[in-house]
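What follows is the residue order along each chain.
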Number of protein chains: 2
Amino acid sequence: MASIKDVAASAGVSVATVSRVLNGHPSVSADARERVLAAVAALGYRPNAVARSLRTDQTHTLGLVISDVLNPYFTELARSVEEEARALGYSVIIGNADERPELQDHHVRNLLDRRIDGLLVSPTDGGSPLMLDAARAGTPMVFVDRWIPGVDVPVVRADGRAAVRDLVAHLYRLGHRRLAIIAGPAATTTGSERVEAFRAALAEYGLPLPDARIGQGDFQAESGRRVTEGFLDLPQPPDVVFAADNLMALGALDAVRARGLRVPDDIALAAFDDIPWFVHTDPPVTAIAQPTGELGRAAVRALVDRIEGRTPRSVTLPARLVVRRSCGEPPTPSPVQRSTT
Amino acid sequence: MASIKDVAASAGVSVATVSRVLNGHPSVSADARERVLAAVAALGYRPNAVARSLRTDQTHTLGLVISDVLNPYFTELARSVEEEARALGYSVIIGNADERPELQDHHVRNLLDRRIDGLLVSPTDGGSPLMLDAARAGTPMVFVDRWIPGVDVPVVRADGRAAVRDLVAHLYRLGHRRLAIIAGPAATTTGSERVEAFRAALAEYGLPLPDARIGQGDFQAESGRRVTEGFLDLPQPPDVVFAADNLMALGALDAVRARGLRVPDDIALAAFDDIPWFVHTDPPVTAIAQPTGELGRAAVRALVDRIEGRTPRSVTLPARLVVRRSCGEPPTPSPVQRSTT
DNA sequence: CGCAGCGATGTAATCGATTCCACGAGGAGG
DNA sequence: CCTCCTCGTGGAATCGATTACATCGCTGCG
């Protein structure tokens, strides 16, 4: 592969001049510029990004560590992150932690070794020493979706409290009183926050949330199935199951179906995170939709601000309830709550 | 960030010795090794992968260019690729082409500039000059899922012909005679092959496939919707719509539902590519399942073989039909065709 | 006792870029 | 006509690693 030296030789100038032409430095004669450009074209020369990064100490690359690529929510997040990053002149390297802290560390370490300019993380756990060290050491970093309390890193996320309250109001109106939740890991902020928001909303209606109706999941479909089976085995099964993410809702659907029960007649279902497939499930699933694309874009902007010396800001955007049929009664379209069915 | 020089100084040895310790070179005294390791730990030193890559001309990184991350099929493929690559000591950088040739070129160029060791591609089109040049120039490369004819690059893919034949047999048995297909872009191999397989299978049953029942899609949900609407507007709408990928099937489902029609009573539906959600759609969708994970792993193995000087082999694995309810008649479980519902 | 050979180590070249500095030519101003 | 600046250019240092080669001290064998 041709290097800058080959170009210089072929154009009859020094490597310094070639570099200047390539970087748009003003003080190059029109004649030299032309010869360099011709040589570049003739040789099909492309600058070696590795060498350039070594010299400039910049990779123009962001690392994105997410908890689970197979979760459509994170897939969409990753996509919007890449899009915005590209618009700002950065590339993105994705690390998929698969909800496993040690895999998350593997990726963080790998990205750091590659000297990425900044790190976008949706932590799988409460924060490994590695991640805390990186943050402390001044690695430009932004948390997205989930975050680690007590670390001085901007957070870009959705606030689902209002939407959860709307959901509980919706459920109450439909006559449901025994509500249950499949929670995410307590070590994640989204895992604990969603339970808290749910509990608070229930309290407003004077409804209890006994421990038996709080199932411990791990954001994966299988745990949703397992927890739901537990709920169905209770002496008094719940009227509604609220899954803290879309994969656990899928598992719940599996479990309900396996018993030969029907949603919403026998048991209602709602989920956090809306995805295109929820429109076509049987029945369409009522869900809380995050502004995923906007979150990804805002996170990139914050991180790039930090990298380029500006002051990044935390961002919180509202989530909203999307009513479908999985909790009963076909939705009556209204300006506020409209299903996209 | 500490460099190898700092470690050398702190351990009281030369950088060469540090490098030797780090790379497991045998001729280092136990004493020196110990002091180096201590210094590494004390400084929290991590080798700079950029510098190392420049010197060794290896990045231990594979590029993966796929057509659409939002498509669950490709998401799963990407995941299995990363997994196998990690097991073999490589990292993966994903480029999402979004079914846009110019975006695909952007990513190929970006990956090449980063001097990745090899490229895994599922081409969005018939092959841009950039990609053809890269292949000709000897960049280690492997095609996965889709490929470009006439280029000497190993291909790892699924053969869906037998499964398509099974599907047509299934449809015929259910009494369907007017079959239609939503095809992918003709410039992609999967786009044209699936139509051909379908046409060949229909021929075996003496069924025609008039042009009016071949809709041109682009593997995105919106095109599935549009094409399906066209089918429904025909004087004689088809009995069955077969979508060449899962997103177009989603669009088709949208279109059918928007007309107030029912699957499979009014029109049946089948799709290429099986995904977990198809179990829970209304109705569950009959699909052709590819061995996605195995494809990803085989592709990585082939590419790494090529990179490490062994001779890579093309691989073709069979796809299989998964019968569910979207074409009519609940499936009767049999040893050969079993739904995972 | 002398020298070959080996093990441990350091010096320095190298990868491909960027960039500081020096230098020469040419124009402007005194 | 001389000096000073500016512009265009090239030489060389530099980034952080790897590695060929040189060196030095020992050991072992003849």
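Relevant structure appears above.
Let us look at the structure shown here. (Residues numbered from 1 in each chain as written. Chains lettered and ligands numbered in written order. Predicted model: local features only at pLDDT ≥ 70, side-chain atom pairs only at ≥ 80, totals over all residues. Heavy atoms only, no water.)

Our next topic: the packing of aromatic side chains. Aromatic rings considered in pairs are described by the distance between their centres and by the relative angle of their planes. Counted under the stated rule, the structure contains eight aromatic pairs over all chains. Residues Tyr172 of chain A and Tyr205 of chain A carry aromatic rings whose centres are separated by 4.7 Å and whose planes lie at 35° to one another, so their mutual orientation is tilted. Linking Tyr172 of chain A in helix H8 (residues 161-173) with Tyr205 of chain A in the loop between helix H9 (189-204) and strand S7 (214-216), this pair joins segments that are 33 residues apart in sequence. A residue is classified by how much of its surface remains accessible, and Tyr172 of chain A, at 28% relative accessible area, is partly exposed. For the pair Phe198 of chain B and Phe242 of chain B, a centre-to-centre distance of 5.2 Å together with 35° between the ring planes defines the contact as tilted. Here Phe198 of chain B is found in helix H9 (residues 189-204), whereas its partner Phe242 of chain B is found in strand S8 (residues 240-243), with 44 residues between them in sequence. Just as Phe198 of chain B is buried, Phe242 of chain B falls in that class too. Residue placement shows Arg177 of chain B over the ring face of Tyr172 of chain B; its charged tip is 3.5 Å from the ring centre. Taking the ring centre of Phe272 of chain B as reference, the NZ or CZ of Arg194 of chain B above it sits at 3.7 Å. (Phe/Tyr/Trp six-rings, centres within 6.5 Å; stacked < 30°, edge-to-face > 60°. Helix = DSSP H or I, 4+ residues; strand = E, 2+ residues; numbered from the N terminus. Buried < 20%, exposed > 50% of the residue type's maximum accessible area, 1.4 Å probe, protein only. Lys NZ or Arg CZ within 6 Å of the ring centre and 35° of its normal.)

All names here are of chain B. The strand order S2-S1-S3-S4-S5-S11 describes an open sheet built from six strands, whose pairing is parallel. Of all the strands in the sheet, just strand S2 (91-96) and strand S11 (315-318) have a single pairing partner and so form its edges. Put simply, the sheet's adjacent strands are angled 20° from each other on average, direction ignored. Taken strand by strand, helix H5 (residues 72-87) contacts strand S1 (61-66), S2, strand S3 (118-121) and strand S4 (141-144), and its axis lies near 170° from that of S1. Sheet strands in contact with helix H6 (residues 101-113) are S1, S2 and S3, and its direction is about 175° off that of S1. (Pairing = 2+ DSSP bridges. Axes fitted to C-alpha atoms, helices over the stretch in contact; angles between N-to-C directions. Contact = heavy atoms within 4.5 Å.)

Looking now at the protein's contact with DNA strand D. Taken together, 26 residues lie near DNA strand D, and Thr17 of chain A together with Ile4, Ser19, Asn48 and Arg55 of chain B sit nearest. Of all DNA strand D atoms lying within 4 Å of any protein atom, the proportion belonging to sugar or phosphate reaches 59%. Between a phosphate oxygen of DNA strand D and a side-chain N or O atom of Asn23 of chain B, the distance comes to 3.2 Å. Between DNA strand D and Arg52 of chain B, the relevant distance is 3.2 Å, taken from a phosphate oxygen to a side-chain nitrogen or oxygen of the residue. Of all elements in the fold, only helix H2 (15-22) and helix H4 (49-56) of chain A together with helix H1 (4-11), helix H2 (15-22) and helix H4 (49-56) of chain B reach the threshold of two or more residues within the surface near DNA strand D. With five residues, the single largest contributor to the surface near DNA strand D is H4 of chain B. For the surface near DNA strand D, the residue count by class is eleven nonpolar, ten polar and five charged. (Near = heavy atom within 4 Å. Polar contact = N/O pair within 3.5 Å; in protein donor to acceptor, adjacent residues only side chain to side chain. Nonpolar A, V, L, I, M, F, W, Y, C, P; charged D, E, K, R; others polar.)

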